[in-house]
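Given next are the chains, with one letter for each unit.
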Amino acid sequence: LELYFGPRRDLTPAPSTTVSGEAFATVARYDAAGAAGDGVINLDGPPVDHLAFSKRWLEQNGISAGDSILINVRGDSMRPSLYDGDLVMIDRRKTQIRSGQIYVFREADALRIKRLEVIPDAAIILRSDNPEHPPEHRTGEAMNAVSQNIVGQVVWSGHKWG
């Protein structure tokens, strides 16, 4: 029997390494894209790469490397928060929708990235940060389809300049 008080432990261990005495954990990157616009993609294959993040930084931000994945953004609907080609980290433990946060979810055969807003017992609104893309409303069974197919919350993004 073990009793533990403290921050949540990583439930899924991630490969780690040490650089200049500092511990790093790796997060798997998949050859998949979440659509910030029309749907895209596929998380079914193996990771194509791993990126290392400071274990201290991950812990400070409540992120479990082993429970997170990295994918690319495709499309412009989440601009200026996320741009086409950006890399995003998705915490797969965070599947409970909190209004105003950005999530990746499966819709049909695609992964989509949207800011979700919940109107309790009425609707989920899929919002784009780019005003050129109107909000989408999901009610009834379509609302359940979104909430039951959350891959996770976007907790970090990396932007390539130039």
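Every residue gets a number counted from 1 within its own chain, in the order that chain's sequence is written. At least 70 in pLDDT is required for a residue's local features to be given in this predicted model, at least 80 for side-chain atom pairs to be given and counted, and no such filter applies to totals for whole chains, interfaces and linings, which use all residues. Note: side-chain values were computed over all heavy atoms of the structure, leaving out hydrogens and water.

1. Some remarks on the overall build of the protein
Here is step 1 of the chain: Per the convention used, a helix needs a DSSP run of H or I reaching at least four residues, while a strand needs a run of E reaching at least two, with both numbered from the N terminus. The helix and strand tally for the protein stands at two helices and 10 strands.
Here is step 2 of the chain: Taken from N to C terminus, the helices and strands of the protein fall in the order β-β-β-α-β-β-β-β-β-β-α-β.
Here is step 3 of the chain: The criterion used for residue contact is that any of the two residues' heavy atoms lie within 4.5 Å. Considering only contacts within the protein whose residues lie at least 6 apart along the sequence, 59% involve residues at least 24 apart.
Here is step 4 of the chain: Element-wise, carbon and sulfur atoms account for 49% of the exposed surface of the protein, whose accessible area totals about 9300 Å². The Shrake-Rupley method, run with a 1.4 Å probe, gives the accessible areas here. Residue values count only the displayed protein chains as cover.

2. Here's the deal with the side chain of Arg-138
Here is step 1 of the chain: With respect to the secondary-structure elements, Arg-138 resides in strand β9 (residues 136–138).
Here is step 2 of the chain: Distance and chemistry together define a polar contact, namely a pair of N or O atoms within 3.5 Å, with one atom able to donate a hydrogen and the other to accept it when in protein, and with adjacent residues in sequence counting only for side-chain atoms on both sides. A distance of 3.1 Å separates a polar atom in the side chain of Arg-138 from a polar atom in the side chain of Glu-107.
Here is step 3 of the chain: Apart from the residues lying within four places of it in its own chain, the contact partners of Arg-138 are Glu-107, Arg-112, Ala-122, Ala-123, Ile-124, Leu-126, Met-143 and Val-146.

3. Some words on the packing of aromatic side chains
Here is step 1 of the chain: Planes of paired rings set the category: under 30 degrees apart is stacked, over 60 is edge-to-face and the rest tilted, where pairs are Phe, Tyr or Trp rings (Trp by its six-membered ring) whose centres lie within 6.5 Å. By the definition in use, this model includes two aromatic pairs.
Here is step 2 of the chain: Measuring from ring centre to ring centre gives 5.9 Å for Phe-53 and Trp-57, while their planes differ by 25°; the resulting arrangement is stacked.
Here is step 3 of the chain: The class of Phe-53 is buried, set by a relative accessible area of 10%.
Here is step 4 of the chain: Between Phe-53 and Trp-156, the ring centres sit 5.1 Å apart and the planes meet at 85°, which makes this aromatic pair edge-to-face. One end of the pair, Phe-53, is in strand β3 (residues 49–54); the other, Trp-156, is in strand β10 (residues 150–158), and 103 residues separate them in sequence.
Here is step 5 of the chain: Whether a residue is buried, partly exposed or exposed follows from its accessible area with a 1.4 Å probe, protein chains only, as a fraction of its type maximum: under 20%, in between, or over 50%, in that order. Trp-156 sits in the partly exposed class, given a relative accessible area of 24%.
Here is step 6 of the chain: Grouping aromatic residues by their ring pairs yields a cluster made of Phe-53, Trp-57 and Trp-156.

4. A closer look at the side chain of Ser-54
Here is step 1 of the chain: Topologically, Ser-54 is positioned in strand β3.
Here is step 2 of the chain: Assessed through its relative accessible area of 14%, Ser-54 is described here as buried.
Here is step 3 of the chain: Only 3.2 Å separates the side chain of Ser-54 from the backbone nitrogen of Arg-56, close enough to count as a polar contact.
Here is step 4 of the chain: Here Ser-54 is in contact with Glu-22, Ala-23 and Phe-24, once residues within four sequence places are set aside.

5. Here we look at the pairing of strand β8 (residues 123–127)
Here is step 1 of the chain: Judged by how many residues are buried, β8 sits mostly within the fold: four of five residues are covered.
Here is step 2 of the chain: Here, any two strands with at least 2 DSSP bridges between them count as paired. With five bridges joining them, strand β7 (residues 110–119) and β8 adopt antiparallel strand pairing. The residue bridging Leu-116 from the neighbouring strand is Leu-126, located in β8.
Here is step 3 of the chain: Connecting β7 to the next strand, β8, in antiparallel fashion are three residues, including Asp-121 with a positive phi near 60°.

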